[in-house]
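Overview (structure and organization)
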Amino acid sequence: MTQYEERVVVTGGGGFVGSHLCERLLREGFAVVCIDDFSTGSVCNVEPLDGHSGFQLLEADVSTGFDIRGAVDAVLHLASPASPVDYLRRPLETMRAGSTGTQHALDLACRKGARFLLASTSEVYGDPQVHPQPESYWGHVNPVGPRSVYDEAKRFSEALTVAHRDARGLDARIVRIFNTFGPHMRADDGRMIPNFIRQAIAGEPLTVAGDGSQTRSLCYVSDTVDGILRLLWAPGEQGPVNIGGIHEMTVLATAEMIRSLVGSSSSIEFVARPQDDPGLRRPDISRAERSLGWRPAVSIEAGIKRTIDWFLENSILLGS
Ligand code: NAD
Ligand code: UDP
């Protein structure tokens, strides 16, 4: 492919996953338009890309509408708060990003004749009663619980995406991302990995929710980005496809692993468990394996070491 022959719009490109996607797309020769309002992301994530001739940054709120001049080949819609702490603090903005924000991103793809990909989430399965979770599972979501602003917004955005596929003939794809971690996570975004790393480095107690027996299956960000791009260009697959780690760990074991990798003597402090916090989570990734030839390549331990190193190198983000 000639340099910048194809142009990709990434909404939420200033966030954790989005900034890695922008970087990888530029490295592969795509021109990238990053749209972000920096409500939960950080301009620091995309500053290194700013001088790049193929990179364009548009500071805008996707929920109030936006337009892009010129041709667009693909729209990747990631703009939404994603950490529970962030979306609980911004409930209305989260619902707007999933509804009107998704509508505006879909409209852009339709206007430009571009391919569309929605970043959905394992949270559409809620607190699952089927384990591990295949894409065919409809989920177990409390529609009026505190997490519903995120879960239901994502479920709505999936429905809206499929409706555009059916009613307007849009080539629209859906990826359901499971807990992803790595560099560029905000130290204060409240998610388990940045919290535990920040606390272990600072020698503070690691705050484990409940008794820490709830599980998550972590995936390093380069693997998640690889899965997203494989789905974007896959000839016969529009999803939903689960992309996530396969090694399920308890939250307590994750805290202990991080404490040991940091070499910290922090204690563990058991704190209240959030309402509707899912008890078990692990993706069935057989669809991604079969149709995208994807499975995670980076071990949890290697990924956590890289993330700790990044937090240490960027100690300003830790407030030290
Ligand atoms: P993030 O908060 O780091 O990134 C989201 C980005 O979207 C931020 O830069 C934020 O400023 C931007 N944004 C939010 N609302 C916006 C709006 N109205 N207009 C413009 N920009 C807006 O979160 P992340 O972890 O990188 O998640 C990115 C996407 O992936 C989200 O859609 C999330 O639901 C999905 N996802 C992530 C994970 C994960 O483990 N990281 C898991 C499942 C799904
Ligand atoms: N968690 C925790 N301590 C923290 C932050 C999170 O024990 O400081 C727990 C949280 O209750 C959940 C798990 O870790 O059981 C993963 O939470 P996270 O916010 O990372 O992602 P989620 O999967 O809930 O979206």
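Below, the structure is looked at part by part. The shown structure was predicted, so the numbers you read here are calculated from the model rather than taken from an experiment.

1. Things to note about the site of ligand 2
- Taken together, 15 residues lie near ligand 2, and Arg 191, Met 192, Asn 195, Thr 207 and Ala 209 sit nearest.
- For the shell around ligand 2, the secondary-structure elements that each account for two or more residues are α6 (192-202) and β8 (206-209).
- Here the shell around ligand 2 is built from residues that sort into six nonpolar, five polar and four charged.

2. Notes on the sheet that holds strand β3 (residues 55-59)
- Spatially, β3-β2-β1-β4-β5-β6-β11 is the arrangement adopted by the seven strands of the open sheet, whose pairing is parallel. Each end of this open sheet is capped by a strand with a single partner; those strands are β3 and β11 (241-243). Here the strands of the sheet are splayed against their neighbours by 20° on average, with no regard to which way each runs.
- Pairing between strand β2 (residues 31-36) and β3: five bridges, direction parallel. Paired with Ile 35 across the two strands is Leu 58, which belongs to β3.
- In the packing of helix α5 (residues 148-168) onto the sheet, the strands contacted are β5 (115-121) and β6 (172-177), and the crossing angle to β5 comes to about 155°.

Each value, and the rule that gives it
Residues numbered from 1 in each chain as written. Chains lettered and ligands numbered in written order. Predicted model: local features only at pLDDT ≥ 70, side-chain atom pairs only at ≥ 80, totals over all residues. Near = placed C-beta within 6 Å. Helix = DSSP H or I, 4+ residues; strand = E, 2+ residues; numbered from the N terminus. Nonpolar A, V, L, I, M, F, W, Y, C, P; charged D, E, K, R; others polar. Pairing = 2+ DSSP bridges. Axes fitted to C-alpha atoms, helices over the stretch in contact; angles between N-to-C directions. Contact = placed C-beta atoms within 7 Å.

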